Amino acid sequence: MITFMNNSDSEEEPCNERTSLMSAESPPVPSYQDGLQASEAAEAQAHRKRRAGSSCGPNNIAAGERSGSSVPVREIALENEEEELTLKYGAKHVIMLFVPVTLCMIVVVATIKSVRFYTEKNGQLIYTPFSEDTPSVGQRLLNSVLNTIIMISVIIVMTVFLVLLYKYRCYKFIHGWLILSSLMLLFLFTYIYLGEVLKTYNVAMDYPTLFIVIWNFGAVGMICIHWKGPLQLQQAYLIMISALMALVFIKYLPEWSAWVILGAISIYDLMAVLCPKGPLRMLVETAQERNEPIFPALIYSSAMMWTVGMAKPDTAARGPSQQTWDAAEDGREHLQSPSHAESQMSERRSPVPSRPITSLEELEEEERGVKLGLGDFIFYSVLVGKAAATASGDWNTTLACFVAILIGLCLTLLLLAVFKKALPALPISITFGLIFYFSTDNLVRPFMDTLASHQLYI
Amino acid sequence: MTLAVFFGCTFIAFGPAFGLFLFTIARDPLRIIILIAGAFFWLVSLLLSSLIWFIAVKASDPQDERLQKGLLIFGVMFSVLLQEAFRFLYYKLLRKAIEGLVALSEDGCSPISIQQMAYVAGVGFGLMSGAFSMINLLADALGPGTVGIHGDSQLYFLTSAFMTMVLIFLHTFWGILFFHGCEHRRWWEIAAVVIMHLTVSGSSFCNPLYVGSLVPSYLLMAAAAVWAYLLSGDLHRTCGASCSVYGVEPAPSQDPEALQDVPVPIHPYPPLSSWRQDRPSPSLQYLFPGLGDPGQPWRGRRWSAVAARPVWLRLAHSNAPLGSRKTSQFWGTRLCWPCRELSPS
């Protein structure tokens, strides 16, 4: 039986503050009742100002809105433009989140369906001490509820601890913690995963090769996640560690506890992000106050970042973008750059050659991104993986949960476009996922099986 | 069964749909979202119909074969009707979405038309329906076994694959027909779609006499295809023949720092009456004053912003020089919704 030591508590902290979904900046909700004629004149002016504003536009918007010091006229015009741009990039960024979520789920489902290790019961985590092997249903339900309470309390404690550390600026501690947890994920869990996959397909690999493979994978992963790296490689690594974490949960959480935990954690996510004193909300707000991005190891960012000048040789435009560029090349952390969340992403990438961009909107369209916490990836994949593992070999259930989660994510992003502040990504998706899992498994499956046995089509 | 059966059946059932997805839907994020939402609506309809069937079965005697068969027939028919009801609900939702998109867009035109949404919604319904019919079969096809060893038909997988393919296509065409009927208040089109669906599902009761189910389904698919093409092709023909590009130029910007070097393409406005011939369409002169006169500056709302329109808007139109006449293409056109909110000034 494998139990996890206490220093793997760091594994829990991926579960807590990673569960938030936020837009890159937070301008206020534009009021569409503003007169359109007034906005015309304002827009002409705003265009002039925005072209001068350069790639720091979103920064200014974010900073300006938060400090409330922006020019009202500019604000109205920008709001109207941004609202349309919000919707336009909203659809695009929904897809930019669909793709990684889908990939993570595909990796988890493929592993669950092929590698039998992750569906075998080999003990439980110490966070879920109560066993579910009891004969009576009531006892089993009670045990799973108790397991959930313990797990959620651990998560709450870890989150509050992290928020306190962040508030009191113990950055080194946090970074050490994050590095330790990603070390464990990238090396130990990958080693176990690779071992099990090789066992399943009966492929022999000698230790030197294994060492080289794991070492390279892990070292590049650490660099990409915690320092600089190509955006897509970083995204790939984040997807992989989310999938690994989800597989660990699927293996070590007992049946009923897993479902109750999924439900409870979406309620916790809702409260932690939306309540004024919720730990995740405080984390996000503190990060925004200090104009720092949240730890890169915990958030998946879909941003594409072009920190380059524009087609129009505007010296004022060049200036700030040069700053961002220099910040990227210096490789310093978020503390000194214009600290737009996406400018952080520029630092994590090797410098890209500058490319003339024909309009400010295009620049901004590519700059804005939506961020999704890794905990959301993990719990989506846990739900779909559990559906694949335990739904009596039925693929319809997996498919139904997959569609339900995607629709939940879409709705959440729609709400994000409306409210423009950090929102919990778990509740809607997990609710839909749970509803569809239980109803598909118990209602649709017998119907479809009966239809298939008679070869009827509806 | 063999890997060949698996791949063969997968490609038969999902190949055309995958091609449709790849070439027409995958590029546009909005269409992907509409596709997934369509799949979701189909799923919800299936859920509700399974619930009804499940309750009916649980409330009845499991030993009575005839009753169970009758309940199954009832379940199938009810499911078909519920699917069409949810298609109607989805149509309502998409209409609202178009109004929202129009309200949020810069120049009062939705980036996607109801016809395109109808097509994508149909593909969404079809893909989900096909996936739910076929995926379990495909998973079983990978495992060991012999088809028809107990005297059933040996062509089970193959015919299932063909039936799935025809269902996906049918859902696509039904989507187009249904939405067109809803748009024009032609109830007979909607009724025709429902009757076709019931016929196809009913014909599957002939299985394993596959000639009784596959042949009518394919014939109905061909008929639906022609009908749907005529409905949308007709639009194309009228649009292409009579559409003239209203050569509007933006008001010259007074802004010295405006991006003067960016060429502003023509925004073609095809006649609004394409699908709304039976409804009095608002006069274009009312909406776009000074319109009939190419070269005259257009004083529509927010035209000063056109110089800085987002790239997606400019890329939606091909490189037509200013003032040229150019027929609009079906997929590239941004059909204008009658913008009732626009003020004439």
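Every value quoted in this text rests on a predicted model; they were computed, and no experiment measured them. (Residues numbered from 1 in each chain as written. Chains lettered and ligands numbered in written order. Predicted model: local features only at pLDDT ≥ 70, side-chain atom pairs only at ≥ 80, totals over all residues. Heavy atoms only, no water.)

### Thoughts on the overall build of chain B
Scanning chain B from terminus to terminus reveals nine helices and zero strands. In sequence order, the secondary structure elements of chain B are arranged as α-α-α-α-α-α-α-α-α. Expressed as a percentage of the 345 residues in chain B, the buried residues total 54%. Across chain B, every contact between residues at least 6 apart in sequence was considered, and the portion connecting residues at least 24 apart equals 78%. Looking at chain B as shown, the accessible area adds up to about 15200 Å², and 68% of this sits on carbon and sulfur atoms. (Helix = DSSP H or I, 4+ residues; strand = E, 2+ residues; numbered from the N terminus. Buried < 20%, exposed > 50% of the residue type's maximum accessible area, 1.4 Å probe, protein only. Contact = heavy atoms within 4.5 Å. Areas by Shrake-Rupley, 256 points an atom, 1.4 Å probe, with all protein chains shown as cover.)

### Considerations on the packing of helix 6 (residues 171–201) of chain A against helix 7 (residues 207–226) of chain A
All names here are of chain A. Two numbers describe how helix 6 lies on helix 7: the axes approach to 10 Å, and their chain directions differ by 150 degrees. For the pair helix 6 and helix 7, the crossing hand works out as right-handed. The segment helix 6 lies against helix 7, with L178, I179, S182, L183, L186, F187, T190, Y191 and L194 engaging Y207, L210, V213, I214, W215, F217, G218, A219, G221, M222, I225 and H226. Taken together, the residues of the contact of helix 6 with helix 7 sort by class into 16 nonpolar, five polar and no charged. (Axes fitted to C-alpha atoms, helices over the stretch in contact; angles between N-to-C directions. Left-handed = near helix turned anticlockwise from the far one by under 90°. Nonpolar A, V, L, I, M, F, W, Y, C, P; charged D, E, K, R; others polar.)

### Digging into the pattern of salt bridges
Taken as a whole and judged by the stated rule, the model has eight salt bridges over all chains. For A:E285, the salt bridge identified is with A:R281, shortest N-O distance 3.1 Å. You can see A:E285 and its partner A:R281 sitting in helix 10 (residues 279–289), four residues apart, about one turn around the helix. Judged by relative accessible area, which is 22%, A:R281 ranks as partly exposed. The shortest N-O distance in the salt bridge between B:E189 and B:R186 comes to 3.5 Å. Classification of B:E189 as buried rests on a relative accessible area of 0%. (Salt bridge = Lys/Arg side-chain N within 4 Å of Asp/Glu carboxyl O.)

### Comments concerning the packing of aromatic side chains
The relative placement of two aromatic rings is captured by the distance of their centres and the angle of their planes. Tallying each qualifying case throughout the model produces 29 aromatic pairs over all chains. Measuring from ring centre to ring centre gives 6.0 Å for A:F161 and A:F173, while their planes differ by 85 degrees; the resulting arrangement is edge-to-face. Placement of the pair is A:F161 in helix 5 (residues 137–167) and A:F173 in helix 6, with a sequence separation of 12 residues. The partly exposed category is assigned to A:F173, whose relative accessible area is 47%. Here B:F6 and B:F7 contribute two aromatic rings whose centre-to-centre distance is 5.2 Å and whose plane-to-plane angle is 70 degrees, an arrangement assigned as edge-to-face. Over the ring of A:F117 we find A:K251, and its NZ or CZ is 3.9 Å from the ring centre. The ring centre of A:Y166 lies 5.0 Å from the NZ or CZ of A:R290, which sits over that ring. (Phe/Tyr/Trp six-rings, centres within 6.5 Å; stacked < 30°, edge-to-face > 60°. Lys NZ or Arg CZ within 6 Å of the ring centre and 35° of its normal.)

### Things to note about the UniProt feature "transmembrane region" (unreviewed entry) in chain A
Residue and element names in this part refer to chain A. In the numbering used here, UniProt assigns the feature "transmembrane region" (unreviewed entry) to residues 94–112, 145–166, 173–195, 207–227, 234–250, 256–275, 399–419 and 425–444. Structurally, residues 173–195 is divided into 100% helix and 0% strand, and its ends, taken at the C-alpha atoms, are 32 Å apart. Taken end to end, residues 207–227 is 95% helix and 0% strand, and its two terminal C-alpha atoms sit 29 Å from one another. (UniProt positions renumbered as here; feature names shortened; annotations may be inferred.)

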